[in-house]
Amino acid sequence: MAYDLLIKNGRIVDGSGGPSYRGDVAVKDGKIVEIGKLSGPAARTVDAAGRVVAPGFIDNHCHYDAQVTWDPLCTFSCDHGATSVVFGNCSLSLAPVRKGKEERLCEFLSYVEAIPMEVLNTLEFTWESFPEYLEQMDHHLGVNVGNLIGHTAVRYYVMGDECQKRTATDDEIREMQDLVRDGMKAGALGLSVSRNQGHFDPQGVHIPAIWADEKEIFALGDVLREMGTGLIQSGGGNGAEMKDALMSRLSEATGRTVVYNNLGQTMRRPGQWEKHMAQVDATTAKGIRAFPMCTPNRITDYFQMRNTQTFRGLPVWHPICLSSPEEQLKAYADPEVRRKLHEEAVEFKNGPAIGICSTWWDYMVVQNAVLEKNKWMEGKTIGEIAKAQNKGIIDAFLDLTVEENLDTELLHGENNVDDAAVAKILTYPNAVIGLSDGGAHVQFQSGYGFSTRLLSEWVREKGVMTLEQAVRRLTFESASIFGLHDRGLLRPGMVADIVIFDPDTVKPLPLEVLHDFPSGAKRIKEPAQGIHMTIVNGQILLEDGKHTGNLPGRVLRNTYYRANHA
């Protein structure tokens with residue numbers, strides 16, 4: 001047989017978790033056809049000596065819903081070895097959508113996921129239904145894309161502006177079920193909902209999915225039970241699971257896997273990750289498939305006070321963040337506003353906040369001061385600066401903010417800062433590793449490098465798991481959970497989604513700022529090192545970080561669709 005692609009002399013880490021071995025991988029017509037010691041003729045032969053050959057990584061939690069329409073590679077996930085991405089998460093999909101309602105639907109995605117409206121306003125909506133969205137996307141793709149149908153989009157489609165005012169009637173729930181059924185018949189990988197109390201629209205009102213009661217959520221999940229396909233994803237499911245086991249009850253009722261955000265160590269709730277693990281242990285012991293996601297990333301935000309989501313959800317601070325720069329400066333200079341902010345965000349008189357811990361000033365660092373006289377503050381926390389100046393937290397913070405005209409660059413990180421805790425989380429078998437959030441929060445953070453960070457920091461440097469275990473976590477486990485049964489393993493007959501990387505040098509590189517989005521909007525890039533090739537459906541997509549020009553990606557569809565469109 002003449003092969004399309006022959007990868008020679010690689011260290012094959014096949015995704016199963018079993019020991020790696022030396023061998024060759026042959027590809028023909030988009031599939032792996034042979035593995036072993038091979039010598040047949042090939043259109044292209046790649047020497048992978050000294051490199052690992054593994055299944056392509058699955059970036060299982062992204063928000064490329066809009067970006068994919070102008071960026072078929074879904075950069076920068078593929079740079080880090082991802083051959084498949086999954087979006088439509090956290091209830092936020094861009095279909096279904098009624099004509100004339102596109103901008104409002106975009107607002108939900110924009111504010112929750114920090115994608116500027118001037119970018120989303122460049123979108124041309126050539127679809128209304130979810131099947132139309134999938135069909136139009138299934139051309140001109142670099143990576144494979146899997147989609148979840150979002151509860152917020154479905155609820156807004158059915159209820160209009162009432163979707164953020166009340167619970168749904170029985171008739172409205174039936175109409176929503178029909179939309180979910182249409183999406184699942186078209187191949188959606190599942191349904192996404194949200195219980196994240198920090199998910200607001202630009203006006204400061206909770207997004208539509210948060211307004212749904214349990215009856216509505218369970219009714220939509222029941223569509224997946226009836227069809228025997230797909231999984232349910234939930235934004236902010238950890239709080240709901242810890243409170244009353246909503247995620248595991250949803251899985252038990254529908255018989256479908258539920259994945260939710262997230263199992264992580266956070267200074268907002270120290271020690272909760274251990275209680276969360278105990279809860280998951282108890283439910284998995286009963287055979288319930290409700291799994292939290294986790295990430296090797298330290299979740300940090302880079303921001304300026306003219307554009308931040310850090311203080312959202314706080315009654316006094318939230319509206320200031322939404323106001324114009326002039327109004328922000330006026331508010332931040334006002335002693336009465338400062339007094340209220342101190343009560344709200346230092347004394348926490350109204351109770352804990354959503355996005356900050358009770359000592360957030362110890363985890364917020366000045367990255368770049370504008371004025372020469374403030375350069376001494378760089379690398380110091382707001383807490384350290386307040387102490388040095390003998391000021392209160394709010395006064396020290398807002399004096400700098402006003403003096404530098406909202407342009408001080410800040411870094412805030414209070415999640416996954418305890419390495420010992422993160423090591424236990426990453427090796428916890430009942431959590432799903434991923435959660436890059438690719439395509440979201442592009443002005444503030446970058447999580448694309450979760451895969452290369454796992455392989456470099458946690459495998460090579462810290463040795464918390466073997467290379468074989470890490471590759472399994474990045475490939476087969478997500479493929480199984482998301483119903484992608486022809487991917488995630490290197491086996492004859494499987495789809496040839498493959499990554500070739502150097503295990504000794506692979507890692508994410510320092511962040512860069514680009515202005516390459518439509519309308520010139522800013523986004524943060526996380527480059528990768530040591531990824532030699534990203535191969536999608538048997539075709540080389542990236543070689544040494546450069547796009548080959550190939551666009552081999554496809555829409556990934558669920559088992560029901562594939563059984564009925566064989």
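Quick notes on the rules
- Residues numbered from 1 in each chain as written.
- Predicted model: local features only at pLDDT ≥ 70, side-chain atom pairs only at ≥ 80, totals over all residues.
- Heavy atoms only, no water.
- Buried < 20%, exposed > 50% of the residue type's maximum accessible area, 1.4 Å probe, protein only.
- Helix = DSSP H or I, 4+ residues; strand = E, 2+ residues; numbered from the N terminus.
- Arc of directions from axis to C-beta.
- Contact = heavy atoms within 4.5 Å.
- Salt bridge = Lys/Arg side-chain N within 4 Å of Asp/Glu carboxyl O.
- Pairing = 2+ DSSP bridges.
- Polar contact = N/O pair within 3.5 Å; in protein donor to acceptor, adjacent residues only side chain to side chain.

Visitor: Is there a simple way to explain helix α3 (residues 130-137) in this structure?
Guide: Since the α-helix turns once every 3.6 residues, residues separated by three or four places project in the same direction. What α3 keeps buried is the set Phe130, Tyr133, Leu134 and Met137. Each buried residue of α3 lies within a common arc of 95 degrees when the element is viewed along its axis, so the set occupies one face. Residues of α3 that are buried sit in contact with β7 (82-87), β8 (144-150), α5 (170-185) and β25 (555-556).

Visitor: Just to check I follow, could you spell out the pattern of salt bridges for this structure?
Guide: Two side chains bearing opposite charge may form a pair once their charged atoms approach each other closely. A complete count under the given rule lists 41 salt bridges for this structure. In this structure, Arg155 and Glu216 form a salt bridge, with 2.8 Å as the shortest nitrogen-oxygen distance. Taken together, the residues span a long stretch of sequence, with Arg155 in helix α4 (residues 151-159) and Glu216 in helix α6 (residues 214-227) at a distance of 61 residues. Note on accessibility: Arg155 and Glu216 belong to one class, buried. Residue Glu172 pairs with Arg166 through a salt bridge whose shortest N-O separation is 2.8 Å.

Visitor: Sorry, what's going on with the environment of Ile531 here?
Guide: Note that Ile531 resides in strand β22 (residues 531-536). When its relative accessible area of 11% is taken as the criterion, Ile531 is described as buried. Sequence spacing of Ile531 and Asp504 is 27 residues, and the spatial spacing of their C-alpha atoms is 11 Å. Not counting residues within four places of it along the chain, the set of residues in contact with Ile531 comprises Asp79, His80, Gly81, Thr452, Val499, Ile500, Phe501, Val506, Asp544 and Gly545.

Visitor: Would you mind showing me how to read the pairing of β7 here?
Guide: Walk down a regular strand and you will see the side chains alternate between the two sheet faces. For β7, the buried fraction is high: six of the six residues fall into the buried class. The pairing of strand β6 (residues 57-59) with β7 spans three bridges and is parallel. Within β7, the residue paired with Ile58 across the bridge is Ser84. Across four bridges, the pairing between β7 and β8 is parallel. Following the sheet pairing, Val85 is matched in β8 by Val145.

Visitor: Is there a simple way to explain the side chain of Thr408 in this structure?
Guide: Looking at the secondary structure, you find Thr408 in the loop between α14 (393-403) and β15 (409-413). Owing to a relative accessible area of 4%, Thr408 belongs among the buried residues under this scheme. A polar contact is formed between the side chain of Thr408 and the side chain of Glu404, at a distance of 2.7 Å. Not counting the four nearest positions on each side in its chain, Thr408 is found in contact with Phe303, Gln304, Met305, Val366, Asn368, Ala369, Val370 and Leu400.

Visitor: Is there a simple way to explain helix α11 (residues 325-333) in this structure?
Guide: The complete set of buried residues in α11 reads Gln328, Ala331 and Tyr332. Here the buried residues of α11 occupy an arc of 95 degrees about the axis, which is enough to place them on one side. Those residues of α11 that are exposed and angled more than 90 degrees off the buried face are Glu326 and Lys330. Buried positions along α11 lie against α10 (317-321), α12 (335-345) and α14.

These results come straight from atomic positions and should not be treated as a statement about function.
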